[in-house]
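A look at the structure
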Amino acid sequence: MGSRRSQNGFTMIEIMLVVIIIGILAALVIPNLAGRGEQARVVAAKADIEANISAALDLYEIDNGQYPTTEQGVRALVTKPSSTPVPENWNGPYLKKKKVPLDPWGKEYTYVAPGIHNTDGYDLSSYGKDQIESYDDIVNWSDEDVSQE
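Thresholds applied
- Along each chain, the written sequence defines residue order, and numbers are assigned to residues from 1.
- A pLDDT threshold of at least 70 governs which residues receive local features in this predicted model, and a stricter bar of 80 or more applies before side-chain atom pairs are shown or counted, although totals over entire chains, interfaces and linings include all residues.
- Excluding hydrogens and water, the side-chain values take into account all heavy atoms of the structure.
- By the convention used here, strands pair only if DSSP detects at least 2 bridges between them.
- Secondary structure elements are taken from DSSP: a helix is a run of H or I of four residues or more, a strand is a run of E of two residues or more, and numbering for both begins at the N terminus.
- Any two residues having at least one pair of non-hydrogen atoms within 4.5 Å are treated as being in contact.
- Every axis in this analysis is a line fitted to C-alpha atoms, fitted for helices over the stretch in contact. Angles between the N-to-C directions lie between 0 and 180 degrees.
- When a residue's accessible area, from a 1.4 Å probe over protein chains only, is under 20% of the maximum for its type it is buried; when over 50% it is exposed; and in between it is partly exposed.
- Two aromatic rings from Phe, Tyr or Trp, using only the six-membered ring of Trp, form a pair when their centres are within 6.5 Å; if the ring planes differ by under 30 degrees the pair is stacked, by over 60 it is edge-to-face, and anything between is tilted.
- The span expected for a helix works out to 1.5 Å for each residue beyond the first.
- We define the bend at each residue as the angle formed by axes fitted to the 7 residues ending at it and the 7 residues starting at it.

**Thoughts on the sheet that holds strand 3 (residues 138–139)**
Ordered in space as 1-2-3, the three strands form an open sheet in which the pairing is antiparallel. Pairing within the sheet leaves two strands with one partner each, and these edge strands are strand 1 (110–112) and strand 3. For strand 2 (residues 123–126) and strand 3, the ladder comprises two bridges, and the chain directions are antiparallel. Its bridge partner being in strand 3, serine 125 is matched across the sheet by valine 139. Sheet contacts for helix 2 (residues 36–64): strand 1, strand 2 and strand 3; angle to strand 2, the most-contacted strand, approximately 155°.

**Topic: the side chain of asparagine 118**
Following the sequence through the fold, asparagine 118 ends up in the loop between strand 1 and strand 2. Classification of asparagine 118 as buried rests on a relative accessible area of 16%.

**Examining the packing of aromatic side chains**
The relation between two aromatic rings is expressed through the spacing of the ring centres and the mutual angle of the planes. The final tally for this structure, using the stated rule, is four aromatic pairs. Ring centres of tyrosine 60 and tyrosine 94 lie 5.6 Å apart, and the angle between their planes is 65°; this geometry places the pair in the edge-to-face category. Here tyrosine 60, found in helix 2, pairs with tyrosine 94, found in the loop between helix 2 and strand 1; they are 34 residues apart in sequence, far enough to count as distant. Its relative accessible area of 11% is what places tyrosine 94 among the buried residues. With a centroid separation of 4.8 Å and an interplanar angle of 70°, the aromatic rings of tyrosine 67 and tyrosine 122 are classed as edge-to-face. In this pair, tyrosine 67 sits in the loop between helix 2 and strand 1 while tyrosine 122 sits in the loop between strand 1 and strand 2, placing the two residues 55 residues apart along the sequence.

**Notes on unusual backbone geometry**
What you tend to see is this: most non-glycine residues have negative phi, and most peptide bonds are trans. Residue proline 93 is bonded to the preceding glycine 92 through a cis peptide linkage, with omega at 5°. Relative to the elements of secondary structure, proline 93 occurs in the loop between helix 2 and strand 1. Here the residue pair alanine 113 and proline 114 is connected by a cis peptide bond, since its omega of -5° sits within 30 degrees of zero. Secondary-structure assignment places proline 114 in the loop between strand 1 and strand 2. The phi angle at lysine 98 is positive, at roughly 55°, despite the residue not being glycine. Mapped onto the elements, lysine 98 comes out in the loop between helix 2 and strand 1. A relative accessible area of 56% means that lysine 98 is categorised as exposed. If you check the backbone angles, glutamine 131 has positive phi at about 60° while not being a glycine. Counting through the fold element by element, glutamine 131 comes out in the loop between strand 2 and strand 3.

**Concerning helix 2**
Compared with an ideal rise of 1.5 Å per residue, which puts 29 residues at 42 Å, helix 2 spans 40 Å between its outermost C-alpha atoms and is within 8% of the ideal. Its maximal kink placed at aspartate 48, helix 2 deviates by approximately 45°. Listing the buried residues of helix 2 in full gives Ala45, Asp48, Ile49, Ile53, Ser54, Ala56, Leu57, Tyr60 and Asn64. In this structure, the buried side of helix 2 is in contact with strand 1, strand 2 and strand 3. The positive-phi residue at the C-terminal boundary of helix 2 is glycine 65, with phi of around 80°.

**Considering the pairing of strand 2**
Alternating positions in strand 2 separate into two faces, Asp123 and Ser125 on one and Leu124 and Ser126 on the other, with burial throughout. Alignment of strand 1 against strand 2, held across three bridges, turns out to be antiparallel. Bridge assignment links tyrosine 111 to a residue of strand 2, and that residue is leucine 124.

As structure tokens, then:
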């Protein structure tokens, strides 16, 4: 009777095939994921500017008859301003987290009231990834407003 060896494990060819298949799958998936982090930051900044902070500013305006001044800034949504005009009906904090939010790149949002672009309200923006005023800024005014200046 011939002896028969039992094989335990995988051959080198089988291991190489698995590695090649994993490499092909990674080559297909990774390019689709690249840039998603930056895209998510832009979406988060838009949500803050168009909904979260804007809603809090609108509540502040309803209570006090005007938006915070540029000097009072977004901080007025968390802490009652002591500078003129002092909001007599301040009913804050107007933000759930009770702190001034930073944009997704860790910088303060830019707030101007009355606004340069929204003269009857306020301008709220983030300079985005490059942190300089440029085409990629996230803003609460439309491009049509800018082109009319």
